[in-house]
Amino acid sequence: MSVDRRGWSYVVLCLLTCFATPVAAMAPIEHWQTDNGARVYFVPAPELPMVDVQVVFDAGSARDADRAGLAQFTHHLLDQGAGGLSGDEIAARLEGVGARLSGQSLRDMAVLSLRSLVDRKYLDPALAVFTQVLTHPDFNRVDVERERERLLVGLQYAQQRPGEVAEKAFYAGLYGDHPYATPSEGTAESLKAIDRDALRAFHTQYYVARNAVIAIVGALDRAQAEALAAQLTRGLPAGERALELPPVPDLSAAAERHIPHPSTQTHILVGQPGMRRGDPDYFALYVGNYVLGGGGLVSRLSTEVREKRGLSYSVYSYFLPMARRGPFQMGLQTRNDQAAEALKVLRATLTRYVAEGPTAAELEAAKKNITGGQALRIDSNRKILEYLAVIGFYDLPLDYLETFNAKVEALTLEQVNDAFKRRLQPAHMLTVQVGSE
């Protein structure tokens, strides 16, 4: 889903959003529930005459069950026809009032966002269309078949891209029978088998108020934000919140998979299940990973792989916290004839780091970089909106942003070392290589 027509009003919005919102000026997060159970998170931002709204449903590909691609297929069709309006009519109406509709479908969540001016002559028509997209998608036969063909073409294209092949194999190997293993984009077989009844049933089950989080940032007061949230969810049945996903088990042993691919570069991914949102080790692992491979050119991995040996232009590591344990992943691309050496260095660097941890100087530098950059991570309404949605969806504390820097600064070397030794097992990692032999 992406509706982004460049009308004059949208140009105005883009210019307005170039101005940063000072962190210190961010108002406290307000939270409530709508009458039918949607959880709402609101931050007033009166500096600009606009509002950003994001509605997040627990309706990502982890809910596909035995129909891989169903969540993404459903999400892509929401703005292709709703409430009797065609996709072109939806786009034209939003363009006419300078509003912007966007969205994405991930493993945990399905996201729809609206940006609009707050003047009622622009906001009311934009909300009317947005509400129809949320609550009454048509799933017309022609739209379904067109989207199916588009998704199938996308699958063929992805097979030509070694990075995407590696990522899909990585999730499949890491999660086994867990719902996170499901390929979000589906398979040719699963996409061909999904019919309109399945799409409607998925929307009916998961696009409901109790399964929704609404984030609002903009030039509204509390009463106006409450009215907006009520309007958005009025057409949604209360429904039920999606059941918790099952826990992610540890890997019992190391595993390797090499997928031949006619490419000049080999893509290497190494990892294991990492951590979930709200994990008690979140800050220790997040900051510690900055030293290992999250800090760009100053990281340990970059120093060993790129600077000392010239094996790859870039190398990284990250934790991706999700509702359940998302992946810890290290990755790089290198010439096919260097793949074995690069992988050896990657593994050795991780093993040493887990055993010894960062130095005091490395940890201090990581803290300064992370806390110093926090202001830039929430310097616009859009960025604050994204954080609100994450805080709401994963039930994080409302003071998450306010206390972030203090929690980073309070970390000790012992805490980081302990967390890495307990949580990462270098001898039990999954390795995926995609490239020529």
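Rules and cut-offs
- Residues numbered from 1 in each chain as written.
- Predicted model: local features only at pLDDT ≥ 70, side-chain atom pairs only at ≥ 80, totals over all residues.
- Heavy atoms only, no water.
- Axes fitted to C-alpha atoms, helices over the stretch in contact; angles between N-to-C directions.
- Helix = DSSP H or I, 4+ residues; strand = E, 2+ residues; numbered from the N terminus.
- Parallel < 35°, antiparallel > 145°, perpendicular 65-115°, else oblique.
- Left-handed = near helix turned anticlockwise from the far one by under 90°.
- Contact = heavy atoms within 4.5 Å.
- Nonpolar A, V, L, I, M, F, W, Y, C, P; charged D, E, K, R; others polar.
- 1 Å grid on protein atoms, 1.4 Å probe; cavity = no way out; pocket = protein on both sides within 12 Å on 5 of 7 lines; lining within 4 Å.
- Points joined across faces, edges and corners; volume = space filled by probe spheres on them.
- Buried < 20%, exposed > 50% of the residue type's maximum accessible area, 1.4 Å probe, protein only.
- Pairing = 2+ DSSP bridges.
- Core = buried A, V, L, I, M, F, W, Y, C linked by side-chain atoms within 4.5 Å.

1. Regarding the packing of helix α11 (residues 300–307) against helix α12 (residues 339–356)
Running from N to C, α11 and α12 cross one another at 150°; their axes reach a closest spacing of 10 Å. With respect to α12, the element α11 is oriented roughly antiparallel. When you trace α11 past α12, the crossing you get is right-handed. Judged by residue contacts, R300, L301, E304 and V305 of α11 engage V345, L346, T349 and Y353 from α12. Class assignment of the residues belonging to the contact of α11 with α12 gives a composition of five nonpolar, one polar and two charged.

2. Structural notes on the layout of surface pockets
A volume near 1,200 Å³ is recorded for the largest pocket. If you go around the largest pocket, you meet 47 residues; those closest to its centre are Q104, L106, R107, Y171 and L320. Tallied by class, the residues present in the lining of the largest pocket amount to 25 nonpolar, twelve polar and ten charged. Considered as a void within the structure, the second largest pocket measures approximately 410 Å³ in volume. Taken together, 19 residues make up the lining of the second largest pocket; nearest its centre are R241, E244, A323, F393 and D395. When the residues that make up the lining of the second largest pocket are grouped by side-chain class, the tally is eight nonpolar, two polar and nine charged.

3. Quick look at unusual backbone geometry
Located in the positive-phi region is A65, a residue other than glycine, with phi close to 55°. Within the secondary structure, A65 sits in the loop between β4 (50–57) and α2 (70–77). The exposure class assigned to A65 is exposed, which follows from its relative accessible area of 62%. One non-glycine residue with positive phi stands out, namely D395, at about 55°.

4. Structural notes on the sheet that holds strand β10 (residues 255–260)
The strands that make up a sheet pair up through hydrogen bonds in the backbone, lying either parallel or antiparallel. Pairing is mixed across the open sheet formed by five strands, whose spatial order is β10-β14-β11-β13-β12. Each having just a single partner strand, β10 and β12 (315–319) make up the two edges of the open sheet. Strand-to-strand twist in this sheet, taken as the mean axis angle between neighbours without regard to direction, amounts to 15°. Direction of pairing for β10 relative to strand β14 (residues 430–435): parallel, over a ladder of six bridges. Note on β14: the bridge partner recorded for E256 is T431. On top of the sheet, helix α10 (residues 282–294) reaches β12 and β13 (327–335); it is set at about 170° to β12, its chief contact. Lying on the sheet, α11 is in contact with β12 and β13; it crosses β12 at an angle near 155°.

5. Here's the deal with the nonpolar core
Counting residues in each nonpolar core, the largest one holds 61 residues, and the members touching the most others are F328, L346, L350, L388, Y400, F420 and L424. Once residues lying within four places of it in the same chain are set aside, the contact partners of L424 are Q272, F319, F328, L350, V354 and M429. Judged by nonpolar contacts, the second largest core, of 57 residues, contains A110, L114, A198 and L220.

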